[in-house]
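The primary structure of each chain is shown beneath.
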Amino acid sequence: MVIINFFKYIFTFIHRIRMGIIREHEAVIPLAPEAKRYGEQGENEFSRKLLNALPACKIKRNVMISTPMGDAEIDCLVLYGKKLFAIEVKRWRGRVVERDDGFVQSKLDRCTGEIHTKILGSPFKQLGRATFLLRQQNPVQAWVNPVVFFEGDQLESLTTTTDKVWFKSIDELIEYIKNNGSESKGRKLLCQVRIGRLPAYR
């Protein structure tokens, strides 16, 4: 009995050393910050609603763009008929007001009653840059319709003077995709057909 227990102990000890060596050489998977997880949840919900309403559309998420001029990412590329939409999805909370240096977010802390403020980058500038780089990366330039969508019901208000296209209502966005936006014709459509070949981060 003593011998059996001894061999079990040796086996367990060797197994632990072996697993320790294996784990030491494995890549560490970083935990996604809460803000990113919250944003990804919004993108998942957005994609689901869009596909339910427009089953004929094709969606490519988290499209990575890499050019000599710089890198960028587009949350969603949506192909509907001959129209291609680049959509930046934001899931902001509280009250947001646009200023010269970006957007100022004000959120009420329900526990303390304090109002916390934070400077947010402009999603319109972010999407404009990403759309520009997408055209540089693609040899056949299709017309890209940029849209910013603010997802979720925790955005109390949004004040902006931009003339860019944006929506808070998914129904209004769906109607826009159906009835608005510029089409690509002729050879430019080849770029849209290859939407599935664009690299994406999952």
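Further up the page is the structure itself.
Residues numbered from 1 in each chain as written. Predicted model: local features only at pLDDT ≥ 70, side-chain atom pairs only at ≥ 80, totals over all residues. Heavy atoms only, no water.

Here we look at the sheet that holds strand S9 (residues 166-167)
Then step 1. In spatial order, the strands read S1-S2-S3-S7-S9; together these five strands make up an open sheet with mixed pairing. Each edge of the open sheet is held by one strand with a lone partner, namely strand S1 (58-67) and S9.
Then step 2. In this structure, strand S2 (residues 70-80) lies alongside strand S3 (residues 83-90), joined through five bridges in antiparallel fashion. Each bridged residue has a counterpart across the sheet, and for Tyr80 the counterpart in S3 is Lys83. (Pairing = 2+ DSSP bridges. Helix = DSSP H or I, 4+ residues; strand = E, 2+ residues; numbered from the N terminus.)

Notes on helix H3 (residues 123-137)
Then step 1. Between its first and last C-alpha atoms H3 spans 21 Å; for 15 residues at 1.5 Å apiece the expected length is 21 Å, and the two agree.
Then step 2. Inspection of H3 places Pro123, Phe124, Leu127, Ala130, Thr131, Leu133 and Leu134 among the buried residues, and these make up the whole buried set.
Then step 3. For H3, the secondary structure elements touched by its buried residues are S1, S2, S3, strand S5 (102-108), strand S7 (144-150) and S9.
Then step 4. At the N-terminal end of H3, a side-chain oxygen is found 3.3 Å from the backbone nitrogen of Phe124, two or three residues along, and the residue is Ser122. (Expected span 1.5 Å × (residues − 1). Buried < 20%, exposed > 50% of the residue type's maximum accessible area, 1.4 Å probe, protein only. Contact = heavy atoms within 4.5 Å. Polar contact = N/O pair within 3.5 Å; in protein donor to acceptor, adjacent residues only side chain to side chain.)

Observations concerning the nonpolar core
Then step 1. Core analysis: the biggest nonpolar cluster contains 22 residues, and Ile65, Ile74, Leu77, Trp92, Phe103 and Phe150 have the highest contact counts within it.
Then step 2. Put simply, the parts of the chain that give this core at least two residues each are S1, S2, S3, H3, S7 and strand S8 (155-159).
Then step 3. At five residues, H3 tops the list of elements feeding residues into this core. (Core = buried A, V, L, I, M, F, W, Y, C linked by side-chain atoms within 4.5 Å.)

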